[in-house]
Amino acid sequence: MQDRALRCTPLEQTFSDLIDTYLDTQVGISEDFLSLALSGHLKDNLIGLFKDKLMLAAGTGNDKLIVHNKLVRGDSIYWLGREHNDPHENAFFDLMDSFIEYLNRTCYTGITGYEFHYTLYEKGAFYKKHIDQFQNNGSRAYSMIMYLNADWVLADGGELCIHHSNHEQRISPTNGKSVFFKSNEMAHEVMVTTKSRMSITGWLKVN
């Protein structure tokens with residue numbers, strides 16, 4: 001990745017901060033990637049989907065081989081899409097389009113697409129250590145997680161644990177925060193949560 005221009009808009013500064021922390025530590029973190037308004041609307045969407053029983057148990061693997069095992073992961077998901085014609089999902093996609101344009105322009109990453117889903121971990125749920133990229137499909141280039149949890153405290157658990165080669169990095173899932181890392185490099189897990197833990201999770205992809 002190359003150096004970026006010094007002058008940038010506030011939104012581009014947020015993007016730059018996320019990329020710079022990635023370059024420094026292999027894990028990019030922005031505390032306010034999602035605005036309070038947008039994260040609140042997306043959280044409301046997620047809660048509504050859960051109440052309507054539209055969130056589905058997540059599995060491991062891709063479309064060709066999906067395995068459901070509560071001993072490995074216990075979250076529920078619902079895929080976002082512009083075809084839903086939801087103004088808040090569309091605002092999220094507009095944000096991601098801007099981020100990818102900035103990422104490709106400044107870092108020459110060649111991202112050509114993405115996929116994202118709502119994620120809900122109910123009390124007691126977790127996700128064991130894993131890598132995001134499939135063995136039979138290398139299209140996932142970068143993983144991104146954006147959290148929707150207001151007033152989260154350490155005792156609530158649910159930390160994202162990143163397994164570096166010589167240490168563990170634990171990240172609290174606080175509201176608006178985004179985490180960004182290479183899908184094929186960083187093994188990670190979600191620690192047991194003591195209350196409902198919500199996020200948008202997805203991947204930036206290449207052909």
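Here, every reference points to the structure presented above.
The model shown is predicted, which means the values in this text are computed figures rather than measured ones.

Draft legend 1. Representation of the overall build of the chain within the structure. Scanning the chain for helices and strands turns up 3 helices and 11 strands. Sequence-ordered secondary structure for the chain, helices as α and strands as β, is α-β-α-β-β-α-β-β-β-β-β-β-β-β. For the chain, the spread of C-alpha atoms along the three principal axes comes to 45 × 40 × 35 Å. Contacts in the chain between residues at least 24 apart in sequence constitute 77% of all its contacts with a sequence separation of at least 6. Accessible surface computed for the chain: about 10600 Å², of which carbon and sulfur atoms make up 51%. Of the side-chain charges in the chain, 20 are positive and 26 negative, and the distance between the mean point of each set is 5 Å.

Draft legend 2. Spotlight on helix α1 (residues 10–25). A rise of 1.5 Å per residue sets the reference length of α1, with its 16 residues, at 22 Å; its end C-alpha atoms lie 23 Å apart and thus fit the reference within 8%. Taken together, the buried positions of α1 are occupied by T14, F15, S16, L18, I19 and Y22. In the core, the buried residues of α1 are packed alongside β1 (28–30), α3 (87–107), β6 (140–147) and β9 (178–182). Remark: Q26 follows α1 within two positions and exhibits a positive phi of approximately 75 degrees.

Draft legend 3. Broad picture of the packing of aromatic side chains. Enumeration over the complete set of coordinates arrives at 13 aromatic pairs. On the basis of an interplanar angle of 40 degrees and a centroid distance of 5.8 Å, the ring pair of F15 and F33 is categorised as tilted. Residue F15 is located in helix α1, and its partner F33 is located in the loop between β1 and α2 (36–51); the two are separated by 18 residues in the primary sequence. For the pair F15 and F33, one class covers both residues: buried. Ring centres 5.7 Å apart and planes at 50 degrees place the aromatic pair Y114 and F116 in the tilted group. Each residue in the set F15, Y22, F33, F99, Y102, Y142 and F180 is aromatic and connected to the rest through ring pairs, giving one cluster.

The rules behind these values
In this numbering scheme, every chain counts its residues from 1 along its sequence in written order. Only residues with pLDDT of at least 70 are given local features in this predicted model, and only at 80 or more are side-chain atom pairs given and counted; all residues enter the totals for whole chains, interfaces and linings. Based on all heavy atoms of the structure, the side-chain values leave hydrogens and waters out of the count. Labels follow the DSSP assignment, with helices taken as runs of H or I lasting at least four residues and strands as runs of E lasting at least two, numbered in each case from the N terminus. In this description, contact between two residues means that some pair of their heavy atoms is separated by no more than 4.5 Å. What sets the accessible areas is the Shrake-Rupley method with a 1.4 Å probe; for residues, cover comes only from the shown protein chains. In summary, the charge assignment counts Lys and Arg as positive and Asp and Glu as negative, without counting His or the chain termini. Each charge is placed at NZ for Lys, CZ for Arg, CG for Asp and CD for Glu. Helix span is expected to be 1.5 Å times the residue number reduced by one. A simple rule labels every residue: compare its accessible area, found with a 1.4 Å probe on the protein chains alone, to the largest value its type can have, and call it buried under 20%, exposed over 50%, or partly exposed in between. Between the rings of Phe, Tyr and Trp (Trp by its six-membered ring), a pair exists once the centres lie within 6.5 Å; its type follows the angle of the planes, with under 30 degrees stacked, over 60 edge-to-face, and the other angles tilted.

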